[in-house]
Amino acid sequence: MECFSHSVFGHAAAREWGFSFAAEECILEAVRRVRPLRQDDAKPWSKVWAAIRIDDAPLREVRGLLTLDGLASGSRTEWAHLPFGQSMIRSIKENTAMQATIHNEFLTLTVDTHGAEAVSLKNAAGEELLWQADPAVWKRHAPILFPWTGKLPGGTFEVDGKTYKGGQHGFARDVEHTLLKAESDTIQLELRSDDAIKAERFPFDFVLTSTFRLDGKTVHHTLTVRNPGTEELRFGIGYHPAFNIPFDAQHTTTDYEFRFDQPESPVILDARPNGLLSGKCYYQWKNQQAIQLTDDLFANDSFCMAGLRTKTIGIYEKGTGRKITCNVEGYPYALIWSAPAKPVRFVCIEPWHSLPAAETDPQQWSQRAAAACLAPGESWETTLSTTFDR
């Protein structure tokens, strides 16, 4: 395949076909088949760009450019009608994994369109801060949990007499999201219910928008849910970021501890042994501001904490001042967890607005506890702000 140095794909055309990205080689290869490439096609249409990596075995790894502010003056509107066919467009969409990267002087963030998941966050020294999804330990980085958190009883739920199968933590983390923009300090993606989702996964209309914004050493991740339908939308939602531990090779598991910003006696909601709420609760810690990290801390899975007054939960490296802190103010539940690997390779701090199902929950979705119940036209949003002082 020929290599083209610079090119763009018009935002209007991209939206018409259902995706909003430019693939430097695969798109232009399609264009090249239609007509010769002119010199002025190398001129950028937009001043707003983001680096995108396309991983596709037939195309190999290439670099693309993303245009975000629509067709600029003098742009070629006829590109919106190029006759290379919906089959080619579908092939491009289905066989490419898109990533967008933004950065500031402190952080470089990469988000994948698959699951709208942050897959890399590096500090100014180039150190990776997010868990890199080793499949031998845990295959994810920082998934979005939607439209439920945790497990469903029997792995199913029922709406209007029809049974739907559902895995742990919903399906938003397992499907492609549309990249809406990636500019200077912001990446925004969207997931809309379609006929396939409504028939197979979740029979309700929704729009889930995920917005990442860099602010100094802080990443703000806002999830917005809108109900564009004609009936009530009930859903659960939460965050599940995983942070690399230890911070460097000179430290070990016991050099770290979770900290609240004040002494806490969290109520632990029991979901043992199968991930469903048992109806029991207990105290694991009383009047403590720190929880020592050990390789056995999560031997019985996560701790789901309720009743917290703290505004932040962080993982701290003792004696150095290095830390990662999550603002959990306003969240009714916060979990800490890691995979049962020894030594601990990462830790998760997970603010949730909903809970796993209970063992005794009915199958009807309408009778499940929800994070929010949206009337037609209503919207709801939440933000997780995480600061990286390392």
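One can find the structure itself at the top, above this paragraph.
Predicted, not measured: the structure shown is a model, and the values here were computed from it.

Remarks on the side chain of E350
Tracing the backbone shows E350 in strand β24 (residues 346-352). Among buried charged residues, E350 stands out as having no salt bridge; its nearest opposite-charge side chain is R173, 8.7 Å away. Of note is the side chain of E350, whose polar atom sits 3.4 Å from the side chain of W352. Not counting residues up to four positions away in its chain, the partners in contact with E350 are Y239, H240, Y333, A334, L335 and W337.

Section: the sheet that holds strand β11 (residues 207-215)
Pairing is antiparallel across the open sheet formed by nine strands, whose spatial order is β9-β10-β11-β12-β26-β22-β21-β16-β19. On the outer flanks of this sheet lie β9 (178-183) and β19 (288-292), each paired with one strand and no other. Shown here is a sheet whose adjacent strand axes are inclined to one another by a mean of 15 degrees, direction ignored. As paired strands, strand β16 (residues 256-264) and strand β21 (residues 312-317) are joined by five bridges and run antiparallel to one another. Across the sheet, residue R259 finds its bridge partner in β21, namely G314.

Things to note about the pairing of strand β8 (residues 162-165)
In this structure, strand β7 (residues 156-159) lies alongside β8, joined through four bridges in antiparallel fashion. Paired with F157 across the strands is Y164, a residue of β8.

A look at the packing of aromatic side chains
Two aromatic rings are characterised by how far apart their centres lie and by the angle between their planes. Under the criterion given, the structure shown has 24 aromatic pairs. Measuring from centroid to centroid gives 6.2 Å for W148 and F171, while their planes differ by 75 degrees, and the two rings are edge-to-face. With W148 in the loop between β6 (144-145) and β7 and F171 in the loop between β8 and β9, the pair connects residues that are 23 residues apart, well separated along the chain. Here W148 and F171 have matching classes, each one buried. Note on F157 and F202: the rings are 6.2 Å apart at their centroids and 65 degrees apart in plane angle, and the pair reads as edge-to-face. Separated by 45 residues along the polypeptide, F157 in strand β7 and F202 in the loop between α4 (195-200) and β11 bring together distant segments of the chain. With respect to burial, F157 and F202 carry one shared label: buried.

Brief notes about the state of the cysteines
Under the counting rule described, the total for this entry stands at zero disulfides. Here C348 is not disulfide-linked; the sulfur of C326 is the nearest cysteine sulfur, at 9.9 Å. Residue C348 is classed as buried on the basis of its relative accessible area, which comes to 0%.

Looking at the side chain of T382
Here T382 lies in strand β26 (residues 379-389). Look at T382 and you get buried, because its relative accessible area is 8%. Separated by 2.8 Å, the side chains of T382 and H353 make a polar contact. If near-sequence neighbours (up to four positions away) are discounted, T382 is found in contact with H221, T222, L223, Y239, Y331 and H353.

Parameters and conventions
- Residues numbered from 1 in each chain as written.
- Predicted model: local features only at pLDDT ≥ 70, side-chain atom pairs only at ≥ 80, totals over all residues.
- Heavy atoms only, no water.
- Helix = DSSP H or I, 4+ residues; strand = E, 2+ residues; numbered from the N terminus.
- Buried < 20%, exposed > 50% of the residue type's maximum accessible area, 1.4 Å probe, protein only.
- Lys, Arg positive; Asp, Glu negative; His and termini not counted.
- Salt bridge = Lys/Arg side-chain N within 4 Å of Asp/Glu carboxyl O.
- Polar contact = N/O pair within 3.5 Å; in protein donor to acceptor, adjacent residues only side chain to side chain.
- Contact = heavy atoms within 4.5 Å.
- Pairing = 2+ DSSP bridges.
- Axes fitted to C-alpha atoms, helices over the stretch in contact; angles between N-to-C directions.
- Phe/Tyr/Trp six-rings, centres within 6.5 Å; stacked < 30°, edge-to-face > 60°.
- Disulfide = S-S within 2.5 Å.

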